[in-house]
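# Breakdown of the fold
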Amino acid sequence: MNAHVANGDIAERTRAIVGALRSLEGPLLPILHEVQDEFGYVPHEALPVIASELNLSRAEVHGVMTFYHDYRDHPAGRHVLKLCRAEACQSMGGDAVADRMKTLLGVDFHQTALDGSVTLEPVYCLGLCACAPAAMLDGELYGRIDDQTIADLVAEVRR
Amino acid sequence: MSVTIYVPRDAAALALGAEKVAEAVTQEIAARGIDAKIMRNGSRGMFWLEPLVEVEVSGKRIGYGPVKVKDVAALFDAGLESGGDHALCLGEVEGLPFLKEQTRLTFARCGVVDPLSLKDYEAHGGLAGLRRAADMAPADVVKEVTESGLRGRGGAGFPTGIKWKTVLDAVGERKYIVCNADEGDSGTFADRMIMEGDPFVLIEGMAIAGLATGATKGFIYIRSEYPHAIATMTEAVEIAGGAGILGASVLSSGRAFDIEVRTGAGAYVCGEETSLLNSLEGKRGVVRAKPPLPAHQGLFACPTVINNVISLASVPVILEKGAVFYRDFGMGRSRGTIPLQIAGNVKHGGLYETAFGLSLGDIVERIGGGTATGRPVKAVQVGGPLGAYFPRTLFDTPFDYEAFAAKDGLIGHAGIVIFDDTVDMLKQARFAMEFCAVESCGKCTPCRIGSTRGVETADKIAQGIEPEKNRALLADLCNTMKFGSLCALGGFTPYPVTSAMTHFPDDFAPTPLIEAAE
């Protein structure tokens, strides 16, 4: 992840990604995923490159990129913590877990901590509904979250 | 003789610490010089016992669970490798009532086999259905599926065979099979479990669908919230391709079928079939108006079968054992088995596959064991965030598409989320509207605007502002959304809201204004 990429570099690297994936049927989502993997977000400068390479309008690429929750237009924190907000987790105190996490981390949902340590995001279901409440930290899953798990997660992102 | 020790790699087992347990087991095996190997299986679906460690002793699988890292050394001290006794020992896993009383057709191999071993898959009956289908005329395969009575397990309950027949009869240069693995409903995890625990059954089901309809290409669209399922499915597709199950000549039949795994980008509405197709095409996941049906003009305007994971994963056993075998399970027009997903505030949460027809109360109280908190059950939401909340007085409703519809509910993807008596149903109704507002694709007005107005109206009721008038307004909004929305997101959001108002009126009763209380 590199938050300070030169514009020319972004265009060049984006063009390489499009080149590798353009033969897919309906390649736009895979390309956006790959661009986000490459830069940690989808840089504003990447969109016109994708549009011109795929012969789409800029508006169309912008429209797709902004439609989906996964794509971000600026870098995330060093860690991304996703808390499940859906019904099964609600039934097991998910709201209280979310409140406590927000307080401890000093951020609201969709925000990144000032020190850049963590971005907190809501997620609607991780498929862990029989071991609720659940969370995902940088791709690692946590079920049956209790006070200890909350403390561990906070310690982990602050490390 | 080498002993096999099973430690699940299912996402829920991992969320409960299975990875660290597997590491500890590996260390103990090495430190003690035991002749044993670890197999990372899927989950049996008994999540209160996860991580569930099993050992095979003279052909029987003895279970221990839930195992924590700190228990591992003691388990080996007690002779785990030979099924030794320990406080966590559950005896023979197949003998546990939760498993023993199930009828596992679709999930027969899940938790049993190594998910990525084709050898294991075949040894447990895998590929028999595809082999049979490869020897049949496409129309006969479709007929077999139609006669089985299989209905879409994704939620809508549309007969699978009829969908397939439409695509078989449709004219198109190319045809597609699209697997909807965008399982976004709260309380559902059957798709995830099958993709992580028995991915080849889905591949086999899709290949059968391809042979039956003349489709040569399949897509599995998996939500990005399921990274483990994506990884397992991707690997399984590669293995299947290498073994000639997929490719230019499926099982040497001379007929081609290939599969590509695609990752979603975090949009709940993409679980709606036409949104999903748009998303696969690289567009915004906006709903399409029907007609044309996807079966006529689906992916890239070609005839397309779009089925849910469990629908497709149910097909191999139907082809293997025949339509009659499958149809003999169930009740009324709900045939075969349904993988129930028991979740939320419940003691024994997990996956329970059984023939249609058990009563809701039986599922919640007997099988689920009531709430995890030990408090009384107040409400049960069946069918995900767009499903109705049922009170205890409806516990005698049998699990059947028509019986649920008759009580203004729906079965959906068979997710069952249990709530104890601390739940505030006005809050749940508000959440349903809020969720719809966040996830609406924006194409139709009732869903886009109705949901936001719904949130505001629920808030006014909560604040005691003209409660009677606002309750009437909320009911009216629900009516508009139900009949005016283009797809199920706006059309079904009224189910949780209306059911909450109908069955739990006390939670919607006027409360004094905050100002008045001060």
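What counts, and where the lines are drawn
- Residues numbered from 1 in each chain as written.
- Chains lettered and ligands numbered in written order.
- Predicted model: local features only at pLDDT ≥ 70, side-chain atom pairs only at ≥ 80, totals over all residues.
- Heavy atoms only, no water.
- UniProt positions renumbered as here; feature names shortened; annotations may be inferred.
- Helix = DSSP H or I, 4+ residues; strand = E, 2+ residues; numbered from the N terminus.
- Buried < 20%, exposed > 50% of the residue type's maximum accessible area, 1.4 Å probe, protein only.
- Contact = heavy atoms within 4.5 Å.
- Polar contact = N/O pair within 3.5 Å; in protein donor to acceptor, adjacent residues only side chain to side chain.
- pLDDT = per-residue confidence, 0-100.

Looking at an unreviewed UniProt entry, one finds chain B named Formate dehydrogenase beta subunit protein and attributed to Rhizobium gallicum bv. gallicum R602sp. Listed under Sequence similarities (unreviewed entry) in UniProt, the entry text for chain B is "Belongs to the complex I 51 kDa subunit family."

Identification of chain A as Formate dehydrogenase gamma subunit protein from Rhizobium gallicum bv. gallicum R602sp is taken from an unreviewed UniProt entry. Its UniProt record gives chain A a comment under Sequence similarities (unreviewed entry), which states: "Belongs to the complex I 24 kDa subunit family."

## A look at the overall build of chain A
Tallying secondary structure elements over chain A gives seven helices and five strands in all. On the principal axes, the C-alpha backbone points of chain A span a range of 50 × 30 × 25 Å. For chain A, the residues scored as buried account for 56% of the 159 residues in total. Restricting to contacts in chain A with at least 6 residues of sequence separation, those with at least 24 account for 59%.

## Description of unusual backbone geometry
The omega torsion across Ala132(A) and Pro133(A) is -10 degrees, close enough to zero to call that bond cis. Looking at the element boundaries, Pro133(A) is found in the loop between strand E3 (118–123) and strand E4 (135–137). With omega at 0 degrees, the peptide bond leading from Pro291(B) into Pro292(B) counts as cis. Among the secondary structure elements, Pro292(B) is positioned in the loop between helix H12 (273–280) and strand E9 (304–308). A positive phi angle, close to 90 degrees, is found at Cys125(A), a residue other than glycine. By the element assignment, Cys125(A) lies in the loop between E3 and E4. On the accessibility criterion, Cys125(A) (1% relative accessible area) is buried. Positive phi, close to 35 degrees, is recorded for Glu466(B), a residue that is not glycine. Residue placement: Glu466(B) occurs in the loop between helix H19 (445–462) and helix H20 (467–484).

## Some words on the side chain of Asn308(B)
Residue and element names in this part refer to chain B. Tracing the backbone shows Asn308 in strand E9. Residue classification places Asn308 among the buried positions, given a relative accessible area of 10%. Polar side-chain contacts of Asn308 include one of 3.0 Å to the side chain of Asp191. In this structure, Asn308 is in contact with Arg153, Gly154, Cys179, Asn180, Asp191 and His413, ignoring residues within four places of it in sequence.

## Notes on the confidence of the model for chain B
Of all residues in chain B, 98% attain a pLDDT of 70 or more, and the chain-wide mean is 96. Interface predicted TM-score (ipTM) for the complex: 0.96; the corresponding pTM is 0.96.

## Things to note about the UniProt feature "binding site: [2Fe-2S] cluster" (unreviewed entry) in chain A
Residues and elements named next belong to chain A. Summarizing the sequence annotation, UniProt attributes the feature "binding site: [2Fe-2S] cluster" (unreviewed entry) to Cys84, Cys89, Cys125 and Cys129 in the numbering used throughout. Spanning 46 residues, the named residues form one tight spatial group whose C-alpha atoms are at most 9.5 Å apart. A relative accessible area of 6% places Cys84 in the buried class. In this structure, Cys84 is in contact with Cys89, Val123, Tyr124, Cys125, Leu126 and Ala134, ignoring residues within four places of it in sequence. Those residues in contact with Cys89 that sit more than four places away from it in its chain are Cys84, Gly94, Ala132, Pro133 and Ala134.

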